[in-house]
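This is what each chain is made of:
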Amino acid sequence: MARGSTRPTSRDVAQAAGVSQAAVSLVLGDKWRGRVSEPTAQRVREAASELGYRPNLAARNLRLGRTRTVLLVVPALTTEFFAEVYTGAARVAAAHGFGVVLYPSPEGVGPARDPFASAQAALDGVIASSMAADALTAIRGDQLPLVMLDSDPDGSLGAATVNLDIADGIRQVTEHLLSLGHRSFLHLAADVPSWTFDVRARELAARLADVPGTDLRTVHAPISIEGALTATEAALAAPGPRPTALVCDDDKLAAGAYKAIRRAGLRVPDDLSVTGLDDLGLATAIDPELTTVRLDAEAFGERGMRALLAVLEGRPPEEGDLPVSLVVRGSTAPPR
């Protein structure tokens, strides 16, 4: 074959490597083990690389009845967290010849229209955040393999569930604040009907119930700085002793709480310690920098994609929640 004249074919690779086209298909399809020797497989890979050969995925997908496309359904992209989830999922997908289409639910949380004329014809599977679970009603179909993120493993819609260890994150926050001497807590909870936020509330209440002399009040707010500002202002103006520690369901809520605390003439952490959860870029942009729980969003996306690949291949997905870690910064201190 004259290089540069036409696109190289699997026949060209086979001739260059001195093997059959069937052997080329096995090696480049990563199905050669036990059927082709390691030296032969290496010879095929080298020949393909030298010739600049790339498999015709479109033709292959038509033969297999697959599109090698995955849909990632998330809430509206109001923070970088889900963008990083996409980055992780797309990295693993690309390594396996898949593409990922990102579909943010238009209303943030709730139903969404099918982004494809026929999802079952256009997709091999779906990865979805529990916060956007209602959006699945339009696109899932009974036959689409589904992996749920941040979802109750006992009641998940999916064939597999991938979770961060949110409960442990709340335990770390609570133990940190208790060790500083805090006993009066305010929980700024996300006003979102989602299992992941239910876990936060349950774990915080359970941990504090085990410690005599603690009290806990809860207020709810939409996940926005303005919503958090309004809810925190109302909580700080309520009668009774002022809390000394404010536990926020995420970093954006914490940023709104900062504004309310300053408007009330108070200081973080001198008058009120504040914690978040996510460790977004916002956490180090506010002053003082926020004590929060770091969630590895990219690793979360990677695990979600690996779980879907396992489902598609009939393998059991990895077990266990992804670990999280407390990052202590300047927003927490002992109470006065």
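Quick note: structure is the one above.
Each chain has its residues counted from 1, running along the sequence as written. Given that this is a predicted model, residues contribute local features only at a pLDDT of at least 70 and side-chain atom pairs are listed and counted only at 80 or more, while totals for whole chains, interfaces and linings are drawn from all residues. To get the side-chain values, take all heavy atoms of the structure and skip hydrogens and water.

### A look at the sheet that holds strand β4 (residues 146-149)
Line of reasoning, step 1. Taking strand neighbours across the sheet as the criterion, the five strands line up as β2-β1-β3-β4-β5 in an open arrangement whose pairing is parallel. Where the open sheet ends on each side, the last strands, each with one partner, are β2 (99-104) and β5 (160-162). In this sheet, neighbouring strand axes are inclined to one another by 20° on average, regardless of whether the strands run parallel or antiparallel.
Line of reasoning, step 2. When DSSP finds at least two bridges between two strands, those strands are taken to pair. A run of H or I in DSSP counts as a helix once it spans at least four residues, and a run of E counts as a strand once it spans at least two, with each numbered from the N terminus. Inspection of the sheet shows strand β1 (residues 69-74) paired to β2 by six bridges, in the parallel sense. Paired with Val74 across the strands is Pro104, a residue of β2.
Line of reasoning, step 3. Docked against the sheet, helix α5 (residues 81-95) engages β1, β2, β3 (125-129) and β4, running at close to 160° with respect to β2. Here, axes are lines fitted to C-alpha atoms. For helices the fit covers the stretch in contact, and angles between N-to-C directions go from 0 to 180 degrees. Throughout, a contact is declared for two residues whenever any of their heavy atoms are within 4.5 Å.

### Things to note about the environment of Ala206
Line of reasoning, step 1. Here Ala206 shows up in helix α8 (residues 195-209).
Line of reasoning, step 2. Taking the C-alpha atoms as reference points, Ala206 and Arg171, 35 residues apart in sequence, are found 9.5 Å from one another.

### With respect to the packing of helix α1 (residues 10-17) against helix α3 (residues 38-51)
Line of reasoning, step 1. Put simply, α1 and α3 touch, their axes get as near as 9 Å, and they point 125° apart. Judged by the angle between their axes, α1 and α3 are oblique. Helix-helix and strand crossings are classified by hand; for α1 and α3 the assignment is right-handed. Where α1 abuts α3, its residues Asp12, Val13, Ala16 and Ala17 lie against Arg43, Val44, Ala47, Ala48 and Leu51.
Line of reasoning, step 2. Amino acids outside the nonpolar list (Ala, Val, Leu, Ile, Met, Phe, Trp, Tyr, Cys, Pro) and the charged list (Asp, Glu, Lys, Arg) are all regarded as polar, and Gly is one of them. Looking at the contact of α1 with α3 residue by residue, the class counts come to seven nonpolar, no polar and two charged. Working definition: roughly parallel below 35 degrees, roughly antiparallel above 145 degrees, roughly perpendicular at 65 to 115 degrees, and oblique for all remaining angles. The handedness criterion is simple: a crossing whose near helix is rotated anticlockwise from the far helix by less than a right angle is left-handed, and one whose near helix is rotated clockwise is right-handed.

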